[in-house]
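Here is what each chain is made of, one letter per residue.
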Amino acid sequence: MNDSDSTSQPRRSTPQPSQNASQHRRDAPALARPTLPLRELVLFGGLAVIVLGVFSMMGPAYATRMLVEASCYAILALGLTIQWGYAGQFNAGIMGFVALGGFSATFFSIPVNHAFWQSDLPARLGWVLLAIIAVVAIVFAITRLDRIGVPKLLRTILAVVAGLIGYLVVVSWLRSVTGDIESQVEFIGGLGLPVWLGWIVGGALAGGIGYVIGHICLGLRSDYLVIATLGIAEIIKAFLKNSDWLTRGTATISPLPWPVPTPGDVGFLSARAFYLAVTVVMIAVIFFLLHRAYHAPWGRMIRAIRDNEVSAAAMGKSINRRRQEIFVFGCILMGVGGAALTSFNGIFDPQGYLPLNHTFLVLVMVILGGPGNNLGTLFGAVLVYVIWIMSGPLALALMHLVTALGGDWFGWQPGNLDSRALQARVFVIGLLILMVLRFAPRGLIPEKVAQHD
Amino acid sequence: MNELIYFFNYVVVAGSVTGCIYAMGAVGVTLIYSILRFAHFAHADMMTLGTFVVLLLTMLFPHAGDALGLPTAIVMLPIGMVFTSLVAVGIDRAFYQPLRAHKVKPIVMVIASLGVTLMLQGLIRLFAGTGAQSLYVDARKEIFRIDIPGVTRPIILTEPQIILFVVTIVAVVGLHLFLTRARLGKAMRAMSDNPDLARASGINTQLIVTLTWVIAGGLATIAGTLLSLDVAFKPDLSFFLLLPIFAAAIVGGVGHPLGAIAGGFLVGFAETLAVFNWSVLLRPIRDSLPSWIELPNNLAIVGTEYKIVVPFFILVAVLIWRPTGIFKGKVI
């Protein structure tokens, strides 16, 4: 990644040390003969062999499930590759957007809770929502009091006081209503609408959050975006986990409807195959659109901003607007991918969203596959997911071996081997990130940077 | 009066404790930032690592502190600090330095530090499990109750809290003296101002980088151990510590150690005040309020489960209104 960042700037003017030079040499023939993508063919061939191996060893139903999940992860990875690969913005809160998409899919698709809608609770909840809007409007109006000449300090103080009082009133009101919802009807239920509507709205919700975050952070140092996304992801998770009236919290919601016939109707294998067809079509559409966007003037502009912000600004490109766009697009993809993943899993469990599974795994997929290269990202997504799934039993077996040895030699007797085996995989993921950054910073299928001499 | 004591116990003391922890974490983050120019996300896990080492030592020698009359963990703290510092320097040599040598962008360093986070997390939890463990092995936490005449409720302080305050003051004053008086400390500040100029004027930048990791590792161990001494050792705390620490560093102005301390206390107190139930304080005047105001039982601004919203809110507010922080940090 870092090499491709520096491609456009210093390479031609100042001959850098050996690494850049060799990179240059490696690039040149690849562009001279674009007809035979040998590297891609070999890598995808190897991947196909691995997947076929899983099919033959674990049975087709299991392998199809794995492929569906991998394809959902591929959508997440495509979302990250446009943020990180195209534009150099790193999002460390994929988990939050995934959870938001999952919530939306759940909320739209599960059956309507008639007990809730027939009581007086919807009306009370509506009044609270109106009160929230009113408080926001009042605070906003106070900040606009300069039109009648109220000094700035007074305005700030008034806005803060009004906001605080309004917030306390609304929150205590909301607490009583949500408490009643929980005690009388358990939770508000869903809307009973088609699943795909939930997926689209999930994407929109994630995009909305992404817009707000991007609006705050994108003009600043790139580190701030990482911190802010990390924080928002934890907040979204905390909200979904603790809002029992909305999501049943830790009690979880299941089963979730599918957009295709469910296993109960047509059997596991065909149902999963239908689902796979849906996700593959989604990926194909996204892939096509991204491919067009990447090669369009818009994509060139995005890369110009990534590679040399100053000169892009000097060319009159609106840097923050473009960054904002790309960040929101990426978040939308993450929302949609998360919605598809949650629907497939068939259970909405806010505690099941983990930074490791839903943020760092996607990160590894992108940087290993090749950030900025859609094909590489797809490759990375499937490869890493297969390895991830297969490494579970392997790690457990290894843990048994290690603890047997550890027990013999040091008297180390840990309990709960499952969770410890998971931690061993956490370690490996971290090491993998560092190794890729160090030895293959451009991924297995690097982004092809066109050079016009 | 009872309510004021309650306020003191649950806000002033608790806020100072959290503030001390955040301040020491934020100082480490800010120092690393000012020397190496990247946000070090593995800092919270360095805290956990240091604490874990101290915990192991305490379990090995549970009665080492009896002779000095201190908790064993405090006696083991220096060893843990040395170990964590060595690990920090080792991580730098193994993972960060090669990337620096390639002159990667800061954001790539950030991703590398996330990788280090995962490695440390995995390693610690592999051995420690995920449950909470008390650092008081075979010992009892001493609790001091200070009675104030005329009031039924005593002021409550625990032994680790007092140690925490003392150690924080010593560490902060020591660090300040080091940065302003010692030759190496001045070199550190010079390098944070302008690395190229520092190198040109004969400062051994490699030594400064090593020193930065040693200080950061030491402070992280102190903060982590004292936090765990007060509560318990929780291996999965790191992501919840990370946000307040970064918020503190940014509020204080990145690259500004004194600002980080102020920021730490600001975030710590803000958190404590936000989860404090204000209706307790209003109870005495409840009867004199007009009848149309009905005081709800729970007047906390956010519930404890949403504590993490507070540092995030502070972070966002600072980024919007004053991205350089209150003390004008160097870099945005």
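The rules behind the values
- Residues numbered from 1 in each chain as written.
- Chains lettered and ligands numbered in written order.
- Predicted model: local features only at pLDDT ≥ 70, side-chain atom pairs only at ≥ 80, totals over all residues.
- Heavy atoms only, no water.
- Axes fitted to C-alpha atoms, helices over the stretch in contact; angles between N-to-C directions.
- Helix = DSSP H or I, 4+ residues; strand = E, 2+ residues; numbered from the N terminus.
- Left-handed = near helix turned anticlockwise from the far one by under 90°.
- Contact = heavy atoms within 4.5 Å.
- Nonpolar A, V, L, I, M, F, W, Y, C, P; charged D, E, K, R; others polar.
- Buried area = accessible area lost by both parts, 1.4 Å probe.
- Salt bridge = Lys/Arg side-chain N within 4 Å of Asp/Glu carboxyl O.
- Polar contact = N/O pair within 3.5 Å; in protein donor to acceptor, adjacent residues only side chain to side chain.
- pLDDT = per-residue confidence, 0-100.
- Buried < 20%, exposed > 50% of the residue type's maximum accessible area, 1.4 Å probe, protein only.
- Phe/Tyr/Trp six-rings, centres within 6.5 Å; stacked < 30°, edge-to-face > 60°.

## Notes on the packing of helix H11 (residues 222–242) of chain A against helix H12 (residues 309–321) of chain B
Then comes step 1: Where H11 of chain A meets H12 of chain B, the axes come as close as 10 Å, and the angle between the chain directions of the two elements is 145°. Considering the relative orientation of H11 of chain A and H12 of chain B, their crossing is left-handed. Facing H11 of chain A, whose interface residues are Tyr-224, Ile-227, Ala-228, Gly-231, Ile-232 and Ile-235 of chain A, H12 of chain B presents Val-309, Phe-312, Leu-315 and Leu-319 of chain B.
Then comes step 2: Looking at the contact of H11 of chain A with H12 of chain B, its residues break down into nine nonpolar, one polar and no charged.

## Some details on the interface of chain B and chain A
Then comes step 1: Contacts between chain B and chain A engage 57 residues on the former and 50 residues on the latter.
Then comes step 2: Across the chain B to chain A interface the summed buried area is about 4,700 Å²; carbon plus sulfur atoms make up 76%.
Then comes step 3: Contact with chain A buries surface across chain B, with Ile-111, Leu-118 and Leu-126 of chain B losing the most and accounting together for 14% of the total.
Then comes step 4: For the pair chain B and chain A, the interface holds zero salt bridges.
Then comes step 5: The tally of links between chain B and chain A comes to three residue pairs in polar contact (both at pLDDT 80 or more).
Then comes step 6: Of all the secondary-structure elements, those providing two or more residues to the side of chain B that touches chain A are helix H3 (72–101), helix H4 (106–128), helix H9 (238–252) and H12 of chain B.
Then comes step 7: Per-element tally for the side of chain B that touches chain A: the top contributor is H4 of chain B, with 18 residues.
Then comes step 8: Taken together, the residues of the side of chain B that touches chain A sort by class into 45 nonpolar, eight polar and four charged.

## Describing the confidence of the model for chain A
All names here are of chain A.
Then comes step 1: Summarising the model, chain A shows a mean pLDDT of 85, and 90% of its residues fall at 70 or more.
Then comes step 2: Considering each helix and strand of chain A separately, the mean pLDDT is smallest for helix H2 (residues 10–13), with a value of 40, and largest for helix H6 (residues 94–109), with 94.
Then comes step 3: Within the model, pLDDT remains below 50 along residues 1–32, and this stretch shows 44 contacts once partners closer than five positions in the same chain are excluded.

## Comments concerning unusual backbone geometry
Then comes step 1: The omega torsion of the bond from Ser-254 of chain A to Pro-255 of chain A falls at -5°, within 30 degrees of zero and hence cis.
Then comes step 2: You will see that Thr-252 of chain A, though not glycine, has its phi angle at about 60°, which is positive.
Then comes step 3: Positive phi, close to 65°, is recorded for Arg-37 of chain B, a residue that is not glycine.
Then comes step 4: Looking at where Arg-37 of chain B falls in the secondary structure, it is placed in the loop between helix H1 (2–36) and helix H2 (43–60).
Then comes step 5: Judged by its relative accessible area of 26%, Arg-37 of chain B is partly exposed.

## Comments concerning the packing of aromatic side chains
Residues and elements named next belong to chain A.
Then comes step 1: With the rule as written, the count across this model stands at 23 aromatic pairs over all chains.
Then comes step 2: A centroid spacing of 6.1 Å and a plane angle of 85° characterise the contact between Phe-107 and Phe-108, whose relative ring orientation is edge-to-face. The residues Phe-107 and Phe-108 share a single accessibility class, namely buried.
Then comes step 3: Ring centres of Phe-348 and Tyr-353 lie 6.1 Å apart, and the angle between their planes is 55°; on these two criteria the pair is classed as tilted.
Then comes step 4: Among the aromatic residues, those joined into a ring-pair cluster are Phe-103, Phe-107, Phe-108, Phe-348 and Tyr-353.

## Digging into the pattern of salt bridges
Residue and element names in this part refer to chain A.
Then comes step 1: A full pass over the atoms with the stated rule returns 10 salt bridges over all chains.
Then comes step 2: Among the salt bridges present, the one from Lys-448 reaches Glu-40, with a minimum N-O distance of 2.8 Å. One end of the pair, Lys-448, is in the segment after helix H20 (417–439); the other, Glu-40, is in helix H4 (residues 38–58), and 408 residues separate them in sequence.
Then comes step 3: A relative accessible area of 47% means that Lys-448 is categorised as partly exposed.
Then comes step 4: The residue Asp-180 makes a salt bridge to Arg-124 at a minimum N-O spacing of 2.9 Å. Residue Asp-180 is located in helix H9 (residues 152–185), and its partner Arg-124 is located in helix H8 (residues 121–143); the two are separated by 56 residues in the primary sequence.
Then comes step 5: Overall, Asp-180 belongs to the partly exposed group, its relative accessible area being 23%.

## Focus: the environment of Pro-257 of chain A
Residues and elements named next belong to chain A.
Then comes step 1: Residue placement: Pro-257 occurs in the loop between helix H12 (244–247) and helix H13 (263–266).
Then comes step 2: The spatial distance from the C-alpha of Pro-257 to the C-alpha of Val-171 is 33 Å, given a sequence separation of 86 residues.
Then comes step 3: Setting aside residues no more than four positions away along its own chain, Pro-257 makes contact with Ser-109, Ile-110, Val-195 and Ser-343.

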